[in-house]
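These are the residues of each chain, in order.
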Amino acid sequence: MLITMNAQDLLDGLNTVTRALAARPAKQILEGVLVDANSDGITLTCSDGSLSIESLLTGDVKEPGRVVLPGKLFTELVRKLPGGTVTIKVNENHSASIRCMNSKSNLAGMNPMEYPEMAEVDAGTAVKIPQNKLREMISRVVFAIATDESRQILTGCLLEVTQAEARMVALDGFRLAMQKVFQPFQLPAGQETLKAVIPGRVLNELSKILLDEEEFCTLLIDKTRMQATFGNTRLSTVLLAGEYIDYRKILPPAFKTQAKADRSQVQNAIDRASLMAREGKNNLIRMSFNTDGLTITSNAELGDVLEEMEASLQGDPIEIAFNAKYITDVIRNITDDELCMKFNSNVSPCVVVPQEGDQYLYLILPVRVFQ
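Description of the structure in this document.

Cut-offs applied
- Note on numbering: residues in each chain are counted from 1, in written sequence order.
- Given that the model is predicted, a residue must reach a pLDDT of at least 70 before its local features are reported, and side-chain atom pairs must reach 80 or more before they are shown or counted; all residues, however, enter totals for whole chains, interfaces and linings.
- Water and hydrogen atoms were dropped before computing side-chain values, which therefore reflect all heavy atoms in the structure.
- Axes, fitted as lines to C-alpha atoms, cover a helix only where it is in contact. Angles between the N-to-C directions of the axes lie from 0 to 180 degrees.
- Helix and strand labels come from DSSP, where a helix needs a run of H or I of at least four residues and a strand needs a run of E of at least two; each type is numbered from the N terminus.
- Any angle that falls under 35 degrees is termed roughly parallel, while one over 145 is termed roughly antiparallel, one within 65 to 115 roughly perpendicular, and all others oblique.
- Should the near helix be turned counterclockwise from the far one by less than a right angle, the crossing is left-handed, whereas a clockwise turn marks it as right-handed.
- Here, two residues are considered to be in contact whenever any of their heavy atoms come within 4.5 Å of each other.
- Note on residue classes: Ala, Val, Leu, Ile, Met, Phe, Trp, Tyr, Cys and Pro are nonpolar, Asp, Glu, Lys and Arg are charged, and everything else, Gly too, is polar.
- By convention, a stacked pair of Phe, Tyr or Trp rings (six-membered ring in the case of Trp) has centres within 6.5 Å and planes under 30 degrees apart, an edge-to-face pair has planes over 60 apart, and any other such pair is tilted.
- Think of it in three bands: with a 1.4 Å probe and only protein chains considered, a residue is buried below 20% of the maximum accessible area for its type, exposed above 50%, and partly exposed in between.

## As for the packing of helix H3 (residues 131-139) against helix H4 (residues 200-209)
Part 1 of the reasoning: Closest axis-to-axis distance for the H3/H4 pair is 9 Å, and the angle between their directions is 135°. One finds that H3 runs oblique with respect to H4. For the pair H3 and H4, the crossing hand works out as left-handed. Contacts between H3 and H4 involve Leu134, Arg135 and Ile138 from the former and Leu203, Leu206 and Ser207 from the latter.
Part 2 of the reasoning: Each residue belonging to the contact of H3 with H4 can be placed in one class, and the counts come to four nonpolar, one polar and one charged.

Next comes the structure, spelled out in structure tokens:
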């Protein structure tokens, strides 16, 4: 194999595909990146066995061929190159010579015949969402995906698609996050809803390589796999098996109290109160809504914090306590000027929604505090 290409293009491609590398791969071959040079271009592929990412790059393919090079080391070598054009030549023993200006490196490769083929999703339902909207959806729900492997289905995110909207739902037993995109979708005849549970790690990596532009990302989904295609990149992953929790049963049907306050003021106050809450035993902050406004407090052996601000209240006054991290995670993912919170009691879930519309919903379980 003999190829020449732009060093920055190669680095960008490697940065994309190496996100699929596992920290502890099951096989040595999965530590590598597959470089496949042919008449279509230069394709880079990485896989951990369940997640695969490939990127098609342009370059001058003087001699076609395939090789597997150590993923992390190859990426770091390319990162340190002086720039410009890089030439890669691979001999029959899978050893690669990498030249760029006055720099020359040799890298021992592996037999590409041992590298697993990227699984294809040939027949499935196609869902097209603009990359920037999909990226935003993911970024605003991933914090609520469970990390505890004992409930594996919750380590994924539920994607629900109807003819009028797509929504992502994540929950970990302490909070729930839901984001929606409203646009027309085409579903197979007779199918009202498409559902898939996407592994949390996959969504994390996908959000990092999606571009902030309106070009579509096409999700092709069948019963066991999902394939995402956008630009010159393709990602393929195994979906989580099983039924996701019926989150609709968790959402309260009505509320006794609704409070509104300036979102940035509340966020800044909670950030300050969290500093003291972290010094305490339970990382708690308290929010008290009444006709005079909102009071946020936290205390520890080292001291206490008191924050007061204006807020509007409909319904009964309420004092409620939250884990500082959980309430902070939610408010950081809201960009509206006004924060709208709904309650029933200080021991039932609090729901955060937009003042108008329903493009997002967050639910947080309070902490029961004994006076």
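## Regarding the packing of aromatic side chains
Part 1 of the reasoning: Overall, the coordinates contain four aromatic pairs when judged by the stated rule.
Part 2 of the reasoning: Considering the side-chain rings of phenylalanine 174 and tyrosine 326, the 5.2 Å spacing of their centres and the 25° angle between planes classify their relative orientation as stacked. You can see phenylalanine 174 sitting in the loop between strand S12 (165-171) and strand S13 (175-182) and its partner tyrosine 326 sitting in helix H6 (residues 324-332), a full 152 residues away along the chain.
Part 3 of the reasoning: With relative accessibility at 17%, the residue tyrosine 326 sits in the buried group.
Part 4 of the reasoning: On the basis of an interplanar angle of 45° and a centroid distance of 5.5 Å, the ring pair of phenylalanine 289 and phenylalanine 343 is categorised as tilted. Of the two residues, phenylalanine 289 sits in strand S19 (residues 284-290) while phenylalanine 343 sits in strand S24 (residues 338-343), which places them 54 residues apart along the sequence.
Part 5 of the reasoning: Judged by relative accessible area, which is 3%, phenylalanine 289 ranks as buried.
Part 6 of the reasoning: Among the residues examined, phenylalanine 343 registers a relative accessible area of 0% and is labelled buried.
Part 7 of the reasoning: Cluster of aromatic residues (ring-pair linked, three or more members): Phe143, Tyr360 and Tyr362.

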